[in-house]
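Structure at a glance
These are the residues of each chain, in order.
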Amino acid sequence: MTPMETELSKLGLKCGLEIHQQLDTRHKLFCNCRPQLSKHKPVMGVSRNIRAVAGELGKVDVAALHETLKGMEFHYDVFPEETCLVELDEEPPHEVNKEALEVALKVAILLNCEIPDELHVMRKAVIDGSNTTGFQRTVIVGMDGHVETLSGRVRIANVALEEESCQIINKGRHTVTYGLDRLGIPLVEIGTHPDIYTPEQAREVAEKLGMILRSTGKVKRGLGTIRQDLNVSIRGGSRVEIKGFQDLRVMHKIIENEARRQKELIGKGKKVEEEVRKAEGDGTTSFLRPLPGSARLYPETDVPPIPLDAQYVESLGEALPEAWEERISRYQKDYSLNKEIATSLVKSNMGDMFEDLAKTGMEAGLIATTLTSGLTQIKREGAPVEKLEKRHLKDVFRLLKEGKIAREALLPLLKMVSENPGEKIDNLIKKLGIESLSIDGLRLLVREIIGSNKALLGRPNPEKALMGLVMKEVRGRINGETVMKVLREEIEAS
Ligand SMILES: [Zn+2]
């Protein structure tokens, strides 16, 4: 333990983690709209107000009251492809999206959860206007699971399938503008019990849950598609929820700062309030709102319960994606990759591509480094690597295997292909001037260069200087080892 961790553990630090991950499905959760942020301008807008009213138990939710007191007015931007009457709350929700449900169930199974026989869609009160209904629909698909960490087991309280809220477009003093395009994108929410005792363990859990989610192959990538919330408390303090950080690197700081904040309040004899705080980019937090009451869930009466057939759940259990850790060790064993490269392949979702290319009989290590650091390198040079398809990579490796291009030409060619994905690869090779050089061609060139640099032959190690001159002419067309071999033979002969 680091000194900081020892200090935190003396304070009785406890954390829970909540992860929200957007799914990459064909439709939204309760309608057939496209689950994506619109690339177009809104076609119309709708304005609404939300009032807090007493719930069935006659109590007004403290968080709801807090929002109402602010007297906000909400504007909603409507997008034709991404919005229908369901997002506007003018039409009841449709049946739950089966594709999304399947992903959520697989995640729950991977997290060792118990799966209920029947699923119930519930409403969770949301009063900041980010849902037009005033609630978020959520379906708990698994409970009482766990995930193992280096410092012990962390229990998973539940896994839920939820609808994403609207995105804030603009926030004024009394009005907020939201985009309806994001509303209803399927989300998987994973909540742990407060079994996390150090910032390092929190990072490990977050990473593990992220890997499990991505292993389904059905999650969105990129900024804003995964969000983490933290619950932090110390002995004598209170549970404080910290929302909205996307970068795992600031998590350490957030936890440390919150523990320290609670310690200071306790030291001054003040009460630590249960509240929701917002994570700032620098690891500090600021007050957002009181912690909502616990009676926020009530049944969604517009969607009937969903019975889960035991056989169906069993079939999902049999079709689980290979856990990332297993895949990484399989790559180390079967392809003799080192752990770093194997991990990088799996994390970048290149595993299937790699295995496919390895079937061509090309050296696995070369394929792996090309797909990871190689592509990163040409991307940094401005190549649109996302345009590279499997067939492109297959072509390039085939040419290499057949000796038609040299190893050195691999990355320049891939770069060229990504910039001209529709062009015939033979034409690109000609354009680049990297058609493989034959040994005879090389020999002629070497003789020519030796001939016009005879003076170099008198020096010690003439091959060093000559090698540079030859490589300048042939780089990318034949490999360096062959050049050196032919060069040595020709120096000997002259
Ligand atoms: Zn819709």
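Residues numbered from 1 in each chain as written. Predicted model: local features only at pLDDT ≥ 70, side-chain atom pairs only at ≥ 80, totals over all residues. Heavy atoms only, no water.

Aromatic rings in a pair are described by how distant their centres are and how their planes are angled relative to each other. Taken as a whole and assessed by the stated rule, the structure comprises six aromatic pairs. Between the aromatic rings of Y335 and F354, the centroid separation amounts to 4.8 Å while the plane-to-plane angle is 70°, which identifies the pairing as edge-to-face. Placement of Y335 in helix α7 (residues 324–335) and of F354 in helix α9 (residues 351–358) is noted, with a sequence separation of 19 residues between them. Given a relative accessible area of 23%, Y335 falls into the partly exposed group. Ring-pair connections join several aromatic residues into one group, and the members of that group are F74, Y76 and Y178. (Phe/Tyr/Trp six-rings, centres within 6.5 Å; stacked < 30°, edge-to-face > 60°. Helix = DSSP H or I, 4+ residues; strand = E, 2+ residues; numbered from the N terminus. Buried < 20%, exposed > 50% of the residue type's maximum accessible area, 1.4 Å probe, protein only.)

Within a sheet, each strand pairs with its neighbour through backbone hydrogen bonds, oriented either parallel or antiparallel. With respect to topology, ten strands assemble into an open sheet ordered β14-β13-β12-β11-β1-β10-β7-β6-β5-β15, the strand pairing being mixed. In the strand order of this sheet, the two ends are held by β14 (285–290) and β15 (297–299), each with one partner. Strand-to-strand twist of the sheet, defined as the mean angle between neighbouring strand axes without regard to direction, takes the value 30°. Pairing between strand β11 (residues 226–233) and strand β12 (residues 240–245): four bridges, direction antiparallel. Looking at the pairing, N231 lines up with E241 of β12. Sheet strands in contact with helix α3 (residues 98–110) are β6 (135–149), β7 (152–163) and β10 (186–192), and its direction is about 170° off that of β7. On the sheet, helix α4 (residues 199–215) packs against β1 (14–22), β6, β7 and β10 and is oriented at approximately 25° with respect to β1. (Pairing = 2+ DSSP bridges. Axes fitted to C-alpha atoms, helices over the stretch in contact; angles between N-to-C directions. Contact = heavy atoms within 4.5 Å.)

Glancing now at the packing of helix α14 (residues 439–451) against helix α16 (residues 480–493). The relative placement of two packed helices comes down to the angle between their axes together with the axis-to-axis distance. Relative to each other, α14 and α16 sit at 50°, their axes nearing to 10 Å. The orientation of α14 with respect to α16, classified from their angle, is oblique. The way α14 lies across α16 gives a crossing that is right-handed. For the pair α14 and α16, the contacting residues are I439, L442, R443, V446, R447 and I450 in the first and T482, V483, V486, L487, E489, E490 and I491 in the second. Class assignment for the residues of the contact of α14 with α16 results in eight nonpolar, one polar and four charged. (Parallel < 35°, antiparallel > 145°, perpendicular 65-115°, else oblique. Left-handed = near helix turned anticlockwise from the far one by under 90°. Nonpolar A, V, L, I, M, F, W, Y, C, P; charged D, E, K, R; others polar.)

A few words on the nonpolar core. Within the largest apolar cluster, 59 residues are counted, with the highest numbers of intra-cluster contacts made by L111, V141, V159, L161 and L230. Counting residues per element, this core draws most heavily on α3, at eight residues. Excluding anything up to four places from it in sequence, V141 contacts L101, A104, L105, A108, E114, I115, P116, L119, V159, A160 and L161. Ranked by size, the runner-up nonpolar core spans 41 residues in total, among them A364, L371, A409 and L413. (Core = buried A, V, L, I, M, F, W, Y, C linked by side-chain atoms within 4.5 Å.)

Running from N to C, helix α8 (residues 339–347) and helix α10 (residues 364–380) cross one another at 60°; their axes reach a closest spacing of 9 Å. By the criterion of interaxial angle, the relationship of α8 to α10 is oblique. As for how α8 packs across α10, the hand of that crossing is left-handed. In this structure, α8 contributes I341, S344 and L345 to the contact, and α10 contributes A368, T369, L371 and T372.

The expected angle between donors at a tetrahedral four-coordinate metal is 109.5 degrees. At an octahedral six-coordinate metal it is 90 or 180 degrees. For the zinc ion, the protein coordination sphere consists of C31 (SG), C33 (SG), C84 (SG), E87 (OE) and E87 (OE), at 2.2 to 2.5 Å. One chain supplies every donor for the zinc ion, spaced along it as C-x1-C-x50-C-x2-E. Of the two residues, C31 is situated in the loop between β1 and β2 (44–48) and E87 in the loop between β3 (73–78) and α3; the sequence distance between them amounts to 56 residues. Accessibility assignment for this pair places C31 and E87 in one class, buried. (Donors = N, O, S within 2.8 Å, 3.2 Å for Na, K, Ca; no water.)

Functional significance is not addressed by these values, which are geometric in nature.
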